[in-house]
Amino acid sequence: MDMTARPYRSVLYIPGSKDRALEKARSLPVDAIIFDLEDAVTPDAKVDARATLKAALGQGGYGNRVKIIRINGLDTEWGAGDVEALRDADADAFLLPKVNSAADVQALADLLGNGKPIWAMMETPLGILNALEIAAHPQLAGFVAGTNDLAKELNCRFRADRLPMQVALQTILLAARSHNVVAIDGVYNQFKDDEGLKVECDQGRDLGYDGKTLIHPAQVDVTNAAFAPSEAEIELAKRQIAAFEEIEAAGQGVAVVDGKIVENLHVETAKKALAKAAAIAELAK
Ligand SMILES: CC(C)(COP(=O)(O)OP(=O)(O)OC[C@H]1O[C@@H](n2cnc3c(N)ncnc32)[C@H](O)[C@@H]1OP(=O)(O)O)[C@@H](O)C(=O)NCCC(=O)NCCSC(=O)C[C@H](O)C(=O)O
Ligand SMILES: [Mg+2]
């Protein structure tokens, strides 16, 4: 299931129980929203949150943002009820927490029964080790790294360079790219620290992630900028394409731009960057 043909720079979690946040998100320049029924909602608010969220989605106003509902795990007392209550809601995908295997994805697919795209939280050691089979599930369209749960499960420390997470982050990405699945990086918990957020965004972008999950509106601008092609990247892409076209017309296969070779594959990357910039500009209209 291909949901990759659009930007996912910023993916904001909104507690499904909070009217004010559900309202606020209608005006935020995020590419996608995760309407959360899991960790952002306390147990005593979980049942009521279903109706709150269904009403907000029914009311609409989220424009071209991708709408993803994160349900509670199917092994909890709320998971199946979440699906029952929201199966027909106006959402683009359902996000399942703590996915360990393709069988977990299939269990949600069976419950949904409507073929809706499924996204998986990648946040357990077993889930990471089974990333490839999870990505291969025909209904699976997106991965979200759950770096808080992963840190808890691994018993690793939070570090600015996320060294203990690298194997997991890269495994998620390898599996996603093997099966045309969207890959979104985990949250940055210190939501008032723009500098630290930028460092982590840049690392996620360097690794190849499509975007980052956010917990607060203050994180949107830094993230959108980090996951968009920069002016310099756009300018370079245009020069690479032009240079390659020129040498190709002369019957050659390798151009040189700024002292570096440019071959067919680099042109593909350059064209992708321009297409992404155009898609971002289109979203802003
Ligand atoms: C972190 C927060 C609890 C902070 O809330 P608060 O103190 O209310 O923030 P502000 O007063 O600064 O809010 C300013 C305005 O912005 C709105 N707001 C705040 N957060 C959001 C949001 N996420 N989406 C939309 N709007 C939001 C407030 O309503 C204020 O609006 P206004 O009144 O008009 O000025 C809070 O930000 C929060 O609850 N964030 C979400 C936390 C969350 O979703 N957690 C679960 C996801 S993270 C996770 O589970 C990761 C994964 O599973 C893993 O394992 O890693
Ligand atoms: Mg989690």
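The structure presented is a predicted model; accordingly, all values stated were derived computationally and were not measured.

Around ligand 1 lies a shell of 22 residues, among which Tyr13, Arg20, Asn148, Ile215 and His216 are the nearest. For ligand 1, an oxygen atom lies 2.4 Å from a polar atom in the side chain of Arg20. Asp149 is positioned such that a nitrogen or oxygen atom in its backbone is 2.9 Å from an oxygen atom of ligand 1. A total of 1000 Å² of accessible area belongs to ligand 1 in isolation, and the protein chains cover 69% of it. The dominant element in the shell around ligand 1, judged by the number of residues it contributes, is strand E1 (residues 10–15), at four residues. Looking at the shell around ligand 1, its residues break down into ten nonpolar, four polar and eight charged.

Now for the layout of surface pockets. Its volume calculated, the largest pocket comes out at about 980 Å³. Every residue lining the largest pocket is counted, 31 residues in all, and those nearest its centre are Arg205, Thr269, Lys272, Ala273 and Lys276. Mapped by element, the contributors of at least two residues to the lining of the largest pocket are helix H8 (166–178), helix H11 (231–249) and helix H12 (264–284). Of the residues assigned to the lining of the largest pocket, the class counts are 17 nonpolar, six polar and eight charged.

Next up on the list: the coordination of the magnesium ion (ligand 2). Distances from the magnesium ion (ligand 2) to its protein donors, namely Glu123 (OE) and Asp149 (OD), fall within the range 2.0 to 2.2 Å. Here Glu123 is found in the loop between strand E5 (118–122) and helix H5 (125–129), whereas its partner Asp149 is found in helix H7 (residues 147–154), with 26 residues between them in sequence. Overall, the relative accessible area of 11% leaves Asp149 in the buried class.

As a further point, take the nonpolar core. Counting residues in each nonpolar core, the largest one holds 59 residues, and the members touching the most others are Ile69 and Phe143. Among the elements that take part in this core, H8 stands out by supplying six residues, more than any other. Counting 17 residues, the second largest nonpolar core, distinct from the first, contains Val11, Leu95, Ala141 and Val187.

The UniProt entry lists residues 9–217 under the feature "domain: HpcH/HpaI aldolase/citrate lyase" (unreviewed entry), expressed in the numbering used here. Helix makes up 40% of residues 9–217 and strand 19%, whereas the separation of the span's terminal C-alpha atoms amounts to 14 Å.

Quick notes on the rules
- Residues numbered from 1 in each chain as written.
- Chains lettered and ligands numbered in written order.
- Predicted model: local features only at pLDDT ≥ 70, side-chain atom pairs only at ≥ 80, totals over all residues.
- Heavy atoms only, no water.
- Near = heavy atom within 4 Å.
- Polar contact = N/O pair within 3.5 Å; in protein donor to acceptor, adjacent residues only side chain to side chain.
- Areas by Shrake-Rupley, 256 points an atom, 1.4 Å probe, with all protein chains shown as cover.
- Helix = DSSP H or I, 4+ residues; strand = E, 2+ residues; numbered from the N terminus.
- Nonpolar A, V, L, I, M, F, W, Y, C, P; charged D, E, K, R; others polar.
- 1 Å grid on protein atoms, 1.4 Å probe; cavity = no way out; pocket = protein on both sides within 12 Å on 5 of 7 lines; lining within 4 Å.
- Points joined across faces, edges and corners; volume = space filled by probe spheres on them.
- Donors = N, O, S within 2.8 Å, 3.2 Å for Na, K, Ca; no water.
- Buried < 20%, exposed > 50% of the residue type's maximum accessible area, 1.4 Å probe, protein only.
- Core = buried A, V, L, I, M, F, W, Y, C linked by side-chain atoms within 4.5 Å.
- UniProt positions renumbered as here; feature names shortened; annotations may be inferred.

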